[in-house]
Protein chains: 4
Amino acid sequence: MIVDVQSRPDVRGIALDQVGVTDLRYPVTVLDREHEKQQTIAQISLSVNLPREFKGTHMSRFIEVLNEHRGELTARTVKTILEQLKHKLNAECSHLEMRFPYFLERRAPQSGACGFMDYECSFVAELNGGMLDFVLGVQVPVTTLCPCSKEISDYGAHNQRGMITVEVRSVLVNGHPSVVWIEELVELAERCGSAPLYPLLKREDERYVTMQAYENPVFVEDMVRNVAAELQRDQRVSWFRVHARNYESIHNHNVFATCEWPNQ
Amino acid sequence: MIVDVQSRPDVRGIALDQVGVTDLRYPVTVLDREHEKQQTIAQISLSVNLPREFKGTHMSRFIEVLNEHRGELTARTVKTILEQLKHKLNAECSHLEMRFPYFLERRAPQSGACGFMDYECSFVAELNGGMLDFVLGVQVPVTTLCPCSKEISDYGAHNQRGMITVEVRSVLVNGHPSVVWIEELVELAERCGSAPLYPLLKREDERYVTMQAYENPVFVEDMVRNVAAELQRDQRVSWFRVHARNYESIHNHNVFATCEWPNQ
Amino acid sequence: MIVDVQSRPDVRGIALDQVGVTDLRYPVTVLDREHEKQQTIAQISLSVNLPREFKGTHMSRFIEVLNEHRGELTARTVKTILEQLKHKLNAECSHLEMRFPYFLERRAPQSGACGFMDYECSFVAELNGGMLDFVLGVQVPVTTLCPCSKEISDYGAHNQRGMITVEVRSVLVNGHPSVVWIEELVELAERCGSAPLYPLLKREDERYVTMQAYENPVFVEDMVRNVAAELQRDQRVSWFRVHARNYESIHNHNVFATCEWPNQ
Amino acid sequence: MIVDVQSRPDVRGIALDQVGVTDLRYPVTVLDREHEKQQTIAQISLSVNLPREFKGTHMSRFIEVLNEHRGELTARTVKTILEQLKHKLNAECSHLEMRFPYFLERRAPQSGACGFMDYECSFVAELNGGMLDFVLGVQVPVTTLCPCSKEISDYGAHNQRGMITVEVRSVLVNGHPSVVWIEELVELAERCGSAPLYPLLKREDERYVTMQAYENPVFVEDMVRNVAAELQRDQRVSWFRVHARNYESIHNHNVFATCEWPNQ
């Protein structure tokens with residue numbers, strides 16, 4: 001029999017918060033409001049805590065648990081996966097993080113021309129004892145037009161691509177995290193920029209979004225506050241962080257604003 | 001006179017944690033234990049909090065404050081910079097983050113051949129009221145050789161580049177953060193891997209480090225615990241986080257371990 | 001009617017090699033030797049040449065052509081897509097580049113444990129007049145163990161993850177590029193390293209691959225030559241470039257070797 | 001004596017185009033038109049060809065040659081470095097590639113406020129026999145305002161950060177490449193966008209550049225053609241490639257144009 005080095009005792013007396021696998025690229029299925037499921041590709045980290053008395057964890061078991069679920073990583077299966085990790089690895093706490101692109105079909109505002117937009121999303125889930133903690137993150141690109149530039153100039157106004165990142169922690173209802181759809185966070189963020197981005201715009205659409213952005217100037221500060229104001233009223237959300245960044249068209253650096261609630 | 005849009009009042013009642021500039025590349029000078037100062041190039045973020053009653057901050061003032069110091073960003077000047085940001089931007093709290101490569105000359109263990117090694121470092125500093133918080137971070141690449149692979153195989157053992165990231169918060173003495181040198185954290189991390197990396201190795205050195213690594217197998221868990229055990233005894237350190245990652249030579253994903261102390 | 005600025009004449013007399021869209025993330029379907037088709041996500045560039053007399057191209061048409069094919073980007077459809085681009089954009093030459101992760105199920109050498117490995121792949125296709133040029137690229141991670149380190153040391157040998165990149169141009173048969181499967185290039189590259197990488201290894205497998213790598217030491221130079229020697233004999237290949245890079249476990253830099261054939 | 005594995009004969013009969021070190025981060029000094037020299041940090045690749053009869057190259061010698069010059073990598077020293085590489089490694093051809101940020105002080109157009117702008121630059125140099133080939137590359141960020149959006153909209157116009165990449169091969173005069181300054185390529189590219197970017201703009205400057213961009217709309221096609229037209233007349237330049245990319249503020253993908261001359 002081959003010796004099990006990892007299971008030997010450790011005498012340094014130092015417990016580790018997380019031990020696991022990371023930078024794992026894997027095909028996964030996530031929930032889709034419109035089409036039930038969407039196939040995508042995720043970057044995944046899986047970990048458990050390691051009590052002070054054990055020398056190491058068994059890394060191959062993380063992959064085995066992931067394989068068992070054939071990459072179904074939805075709000076529904078996450079708790080089961082985390083429970084299996086805790087069980088198989090003899091841990092009190094298990095942890096999953098993943099990032100993935102999520103695609104939505106978007107329709108141009110005038111011509112109705114369709115195409116896919118990609119949004120970078122994230123799940124961060126932790127099972128500590130029996131309590132599940134679940135945070136959904138979505139990055140939404142928007143057009144942002146500077147209110148100051150518009151007001152102080154005789155014509156024109158600098159604008160640029162901005163990125164709004166929204167992370168929300170779900171209130172637990174009967175031990176399960178309340179469902180907040182990726183689609184809802186996308187729509188919320190898009191309402192808070194100067195105009196949405198589109199995959200495909202014909203000339204009449206370009207005219208429309210150019211003027212829409214000019215009529216709705218926002219600072220990064222405004223975008224964060226507008227998103228935050230709506231999330232504070234959302235009963236499903238127990239915590240959020242909103243971050244906005246503008247890829248300034250007049251500077252070679254970016255500007256940002258951020259707000260966490262409740263402030264920890 | 002040109003109107004000042006940012007200074008207008010805001011009625012949404014939402015304070016922002018941080019507003020500022022980011023992704024700013026800038027030539028800077030940092031402290032060097034051996035040569036007093038070292039010139040390098042940093043990625044910088046500067047920010048302040050924004051009270052609920054103001055519409056926006058004045059982004060150009062961040063750059064002005066940075067320029068005044070001509071990029072001298074040392075433990076000594078950071079407090080002054082943060083005070084000026086608070087003052088110029090009428091804020092209660094100011095924040096600086098920067099990442100930069102730091103170079104040390106390293107000598108091969110047998111031939112004595114010299115060359116430069118680069119270490120990715122970071123400063124995170126915050127001035128909240130009059131209290132300065134300062135966290136130094138250093139990423140140290142090492143060789144790691146797997147104890148399990150060595151023990152269960154008749155010959156050989158898989159090894160790879162690993163990365164140990166150490167972040168330490170300094171105890172304040174008379175309002176100033178205790179000095180912890182980048183060099184000290186590099187040396188500490190290098191002692192905790194299987195062998196250090198070198199910029200330049202001749203054949204006799206390659207033989208030496210190959211055998212050194214084989215004699216000192218470590219798991220990612222071991223590296224984190226070894227670094228943590230030393231830092232717990234360091235009187236200058238009030239908090240630390242240690243993270244280790246192995247770019248596994250037998251897998252296409254990586255493994256990691258992490259430990260934060262005191263656990264928050 | 002909205003004016004068409006792009007169609008106006010240009011008088012500078014400078015033709016452009018490529019004008020188009022890039023950094024477009026899109027769900028695509030590619031051919032899979034085992035399962036016929038595989039869904040993945042690509043980064044895409046689409047472009048055409050622009051004759052000297054036209055001011056600009058119509059960027060939205062690239063997206064329209066891509067949408068029509070609902071992301072089916074296989075050796076079979078690429079020619080049609082390129083023809084439509086040429087036609088819709090009035091160009092002599094059209095060009096497609098895409099990069100995407102491709103997944104294969106791999107079985108551990110002793111336990112038979114299964115899991116997915118990801119390989120970064122690329123298509124570069126050009127239609128110039130009626131001639132289709134098609135280059136397939138595959139990046140294959142392998143274990144590499146240094147022959148010098150093994151020979152000069154009493155025990156052990158430094159090893160690390162290496163990356164072999166193979167690009168092959170297909171011979172045209174009746175105007176269609178000969179099919180070379182991604183799977184074939186993966187298998188070829190894996191034979192040329194010290195050992196393959198695996199998604200999931202149990203202890204008996206780890207013992208196996210550790211010893212396999214020790215028995216098959218290779219320099220980056222060897223890997224490139226071994227791949228090149230096989231490709232030179234492949235009748236389907238009219239040109240190739242092989243590149244290998246080792247993420248050296250004893251240095252903080254990497255080493256590489258490259259070979260192009262026939263040398264242009 | 002330790003055996004020299006790399007110097008053994010090879011029988012596969014395959015010559016390699018390049019073998020060497022890469023991803024090496026190193027402090028370097030480059031020429032500066034204003035201040036004679038500028039210290040920066042480069043990512044470097046150094047390589048030589050490997051004839052069919054040798055098994056491997058000696059990687060440590062690349063670092064030794066680099067160290068001898070203490071990072072002075074100017075048009076003046078590059079030839080000496082490449083000659084030493086050829087000599088020390090017994091090769092017919094040696095090759096250096098490096099990328100580095102280069103800083104220039106820029107003055108705001110109205111207030112005169114100063115700050116540093118960073119430009120990503122590259123050297124690609126090859127010594128083949130006695131002939132030196134030298135290509136300088138500079139990436140220049142600019143503001144670009146869309147002519148179509150401006151013309152078809154009642155007010156406003158979408159604009160964004162764009163990036164112009166210029167690469168020029170120098171004509172040799174007495175075996176030395178003609179000097180083309182980084183500063184010249186920066187100024188050329190900035191003239192060809194809608195407005196330059198600045199590190200620091202006060203309100204009067206923001207008004208100025210907003211209106212300047214609105215008055216100078218350009219497509220990516222225009223930027224490439226404008227740069228190309230000037231370079232074709234430059235007697236010091238034997239070849240160039242110009243690439244422009246717009247980080248579209250209304251789309252989540254980018255658009256690009258490129259022109260190579262003479263077309264190879």
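The structure under discussion appears in the preceding block.
Note that this is a predicted model, so its numbers are computed, not measured.

What counts, and at which threshold
- Residues numbered from 1 in each chain as written.
- Chains lettered and ligands numbered in written order.
- Predicted model: local features only at pLDDT ≥ 70, side-chain atom pairs only at ≥ 80, totals over all residues.
- Heavy atoms only, no water.
- Helix = DSSP H or I, 4+ residues; strand = E, 2+ residues; numbered from the N terminus.
- Buried < 20%, exposed > 50% of the residue type's maximum accessible area, 1.4 Å probe, protein only.
- Contact = heavy atoms within 4.5 Å.
- Areas by Shrake-Rupley, 256 points an atom, 1.4 Å probe, with all protein chains shown as cover.
- Lys, Arg positive; Asp, Glu negative; His and termini not counted.
- Charge placed at Lys NZ, Arg CZ, Asp CG, Glu CD.
- Buried area = accessible area lost by both parts, 1.4 Å probe.
- Salt bridge = Lys/Arg side-chain N within 4 Å of Asp/Glu carboxyl O.
- Polar contact = N/O pair within 3.5 Å; in protein donor to acceptor, adjacent residues only side chain to side chain.
- Nonpolar A, V, L, I, M, F, W, Y, C, P; charged D, E, K, R; others polar.
- Pairing = 2+ DSSP bridges.
- Least-squares fit on C-alpha atoms with pLDDT ≥ 70 in both.
- Phe/Tyr/Trp six-rings, centres within 6.5 Å; stacked < 30°, edge-to-face > 60°.

## What to know about the overall build of chain A
Scanning chain A for helices and strands turns up six helices and eleven strands. Once the C-alpha set of chain A is aligned to its principal axes, its extents read approximately 80 × 40 × 35 Å. When burial is assessed residue by residue, chain A has 64% of its 264 residues classed as buried. Residue pairs at least 24 apart in sequence account for 63% of intrachain contacts in chain A once pairs closer than 6 positions are excluded. Entry remark: accessible area of chain A is about 9,900 Å², with carbon and sulfur atoms responsible for 46%. Charge centroids of chain A, computed over 28 positive and 36 negative side chains, lie 3 Å from each other.

## Re the interface of chain D and chain B
Each partner contributes to the interface: chain D provides 30 residues, whereas chain B provides 30 residues. The largest share of the area that chain D buries against chain B comes from Arg25, Phe116 and Arg203 of chain D, three residues that together contribute 25% of it. Taken together, the connections running from chain D to chain B amount to eight salt bridges. A salt bridge links Arg203 of chain B to Asp4 of chain D; the shortest N-O distance between them is 3.5 Å. In this structure, the connection of chain D to chain B is made through twelve residue pairs in polar contact (both at pLDDT 80 or more). Contributions of two or more residues to the side of chain D that touches chain B are made by strand 1 (16-32), strand 2 (36-50), helix 1 (60-68), strand 3 (93-107), strand 4 (114-128) and helix 5 (203-215) of chain D. Here the residues of the side of chain D that touches chain B sort into 13 nonpolar, six polar and eleven charged.

## Things to note about the environment of His87 of chain C
Looking at where His87 of chain C falls in the secondary structure, it is placed in helix 2 (residues 75-88). A C-alpha to C-alpha distance of 53 Å links His87 of chain C and Val209 of chain C, two positions 122 residues apart in sequence.

## Things to note about the pairing of strand 10 (residues 237-246) of chain B
All names here are of chain B. Taken across its ten residues, strand 10 has seven buried, putting it largely inside the fold. Pairing of strand 6 (residues 159-170) with strand 10 involves nine bridges; the strand directions are antiparallel. Looking across to strand 10, one finds that Val168 is bridged to Phe240. Bridge analysis of strand 10 against strand 11 (residues 254-261) gives seven bridges, and the strand direction is antiparallel. Bridged to Arg241 within strand 11 is Glu260.

## Focus: the pattern of salt bridges
Evaluated as defined, the whole model comprises 87 salt bridges over all chains. Between Arg191 of chain B and Glu230 of chain B there is a salt bridge, with its nearest N and O atoms 3.0 Å apart. Within this pair, whereas Arg191 of chain B is found in helix 4 (residues 182-192), its partner Glu230 of chain B is found in helix 6 (residues 220-232), the two being separated by 39 residues in sequence. Residue class for Arg191 of chain B comes out exposed when judged on its relative accessible area of 52%. Residue Glu190 of chain C is joined to Arg106 of chain C by a salt bridge in which the shortest nitrogen-to-oxygen separation is 3.0 Å. Separated by 84 residues along the polypeptide, Glu190 of chain C in helix 4 (residues 182-192) and Arg106 of chain C in strand 3 (residues 93-107) bring together distant segments of the chain. Like Arg106 of chain C, Glu190 of chain C is buried. One network of salt bridges, with partners in common, ties together Asp10, Arg12 and Lys55 of chain A together with Asp222 and Arg225 of chain B.

## Here we look at the relation of the copies chain B and chain A
The transform that puts chain B on chain A rotates by 180 degrees and translates by 0.0 Å along the axis, for an RMSD of 0.0 Å. Taken together, the rotation angle and the small translation identify this as a two-fold axis. When you check the interface residues of chain B against chain A, 100% turn up at the interface there too, and the contact is symmetric in its surfaces.

## Focus on the relation of the copies chain D and chain B
With an RMSD of 0.0 Å, chain D superimposes on chain B once it is rotated by 180 degrees and translated 0.0 Å along the axis. When the interface residues of chain D are mapped onto chain B, 100% of them again fall at the interface, so both copies present the same face.

## As for the packing of aromatic side chains
Where two aromatic rings form a pair, the distance of their centres and the angle of their planes describe that pair. Applying the stated criterion across every chain yields a total of 24 aromatic pairs over all chains. Judged by centre distance (5.3 Å) and plane angle (20 degrees), the ring pair of Phe240 of chain A and Trp261 of chain A falls under stacked. Residue Phe240 of chain A is found in strand 10 (residues 237-246), and its partner Trp261 of chain A is found in strand 11 (residues 254-261); the two are separated by 21 residues along the sequence. Here Trp261 of chain A falls in the partly exposed class, since its relative accessible area comes to 29%. Plain terms: the ring middles of Phe100 of chain C and Phe123 of chain C are 5.2 Å apart, the flat faces sit at 75 degrees to each other, and that makes the pair edge-to-face. Here Phe100 of chain C is found in strand 3, whereas its partner Phe123 of chain C is found in strand 4 (residues 114-128), with 23 residues between them in sequence.

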